[in-house]
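Spelled out, the chains give:
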Amino acid sequence: MAIIHYDVVFEKGSPSLQQIKEKLDQRMGLRTHLSLDSVEPGHEWPHIGVVKQSGTFECDECEDSDMEMTVGSTGVRITCVPQSTHPYFRESALAALIDLGGNFDAHLHPFIAKKWSELSPADRQVAWRGH
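Note that the structure is a prediction, hence the values are computed from the model and not measured. (Residues numbered from 1 in each chain as written. Predicted model: local features only at pLDDT ≥ 70, side-chain atom pairs only at ≥ 80, totals over all residues. Heavy atoms only, no water.)

Participant: I'm lost on the pattern of salt bridges in this one. Help?
Facilitator: As enumerated under the stated definition, the model contains four salt bridges in all. As a salt-bridge pair, Asp 7 and Arg 77 come within 2.7 Å of each other at their nearest N and O atoms. Of this pair, Asp 7 sits in strand S1 (residues 4–9) while Arg 77 sits in strand S6 (residues 75–80); the two residues are 70 residues apart in sequence, bridging distant segments of the chain. Taking relative accessible area as the criterion, Arg 77 reaches 15% and is therefore assigned buried. Of the charged contacts, one joins Arg 27 and Asp 99 as a salt bridge, the two residues approaching to 2.9 Å between their closest N and O atoms. Placement of Arg 27 in helix H1 (residues 17–28) and of Asp 99 in helix H2 (residues 87–99) is noted, with a sequence separation of 72 residues between them. (Salt bridge = Lys/Arg side-chain N within 4 Å of Asp/Glu carboxyl O. Helix = DSSP H or I, 4+ residues; strand = E, 2+ residues; numbered from the N terminus. Buried < 20%, exposed > 50% of the residue type's maximum accessible area, 1.4 Å probe, protein only.)

This is the structure in structure tokens:
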């Protein structure tokens, strides 16, 4: 089972998990659930700096998707298993981080411009659960 990491870098300090949740909910037009994890002080990761917060985002409407986010002093890391994270949820999270001032160089899928309720059945059913 593959685990994928996406690092979004911030020049002026990273947003909090709560700020990310609010932007993600607004972008998708859905309410996500955020569970905070305990963080031991002193951990530093490449690209995202000193770890400040960690938590799990869940979205029941997006096929029970979930992903972890770790907020550092200079960036945010999204960690997900492709078979448990709907592409719309993952791409919307990346877009929310960009909206909050993050830098991410990859192109995102055009469906992120829409709220979940505006997606076509084909976009909602995009082939994403493991092969």
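Participant: Where do I start with the packing of aromatic side chains in this structure?
Facilitator: The relation between two aromatic rings is expressed through the spacing of the ring centres and the mutual angle of the planes. According to the stated counting rule, one finds three aromatic pairs in the structure shown. Between Tyr 88 and Phe 111, the aromatic rings sit 5.5 Å apart at their centres with planes inclined by 75 degrees, giving edge-to-face as the arrangement. Remark: Phe 111 occurs in the loop between H2 and helix H3 (121–124) and Tyr 88 occurs in helix H2; sequence separation between them is 23 residues. Where Tyr 88 meets Trp 116, the ring centres are 5.5 Å apart and the plane angle is 50 degrees; that geometry is what we call tilted. Taken together, the positions of Tyr 88 in helix H2 and Trp 116 in the loop between H2 and H3 put the pair 28 residues apart, joining distant regions of the chain. For the residue pair Tyr 88 and Trp 116, the accessibility class agrees, reading buried in each case. (Phe/Tyr/Trp six-rings, centres within 6.5 Å; stacked < 30°, edge-to-face > 60°.)

Participant: Can you walk me through the pairing of S6 in this structure?
Facilitator: For a regular strand, side chains alternate in direction, first toward one face of the sheet and then toward the other. Most of S6 sits inside the fold, with six of its six residues counted as buried. Of the two faces of S6, the one holding Gly 75, Arg 77 and Thr 79 and the one holding Val 76, Ile 78 and Cys 80 are both buried throughout. Alignment of S1 against S6, held across six bridges, turns out to be antiparallel. Within S6, the position partnered with Tyr 6 by the bridge is Ile 78. Pairing of strand S5 (residues 65–72) with S6 involves four bridges; the strand directions are antiparallel. Residue pairing across strands places Met 69 opposite Ile 78, the latter belonging to S6. (Pairing = 2+ DSSP bridges.)

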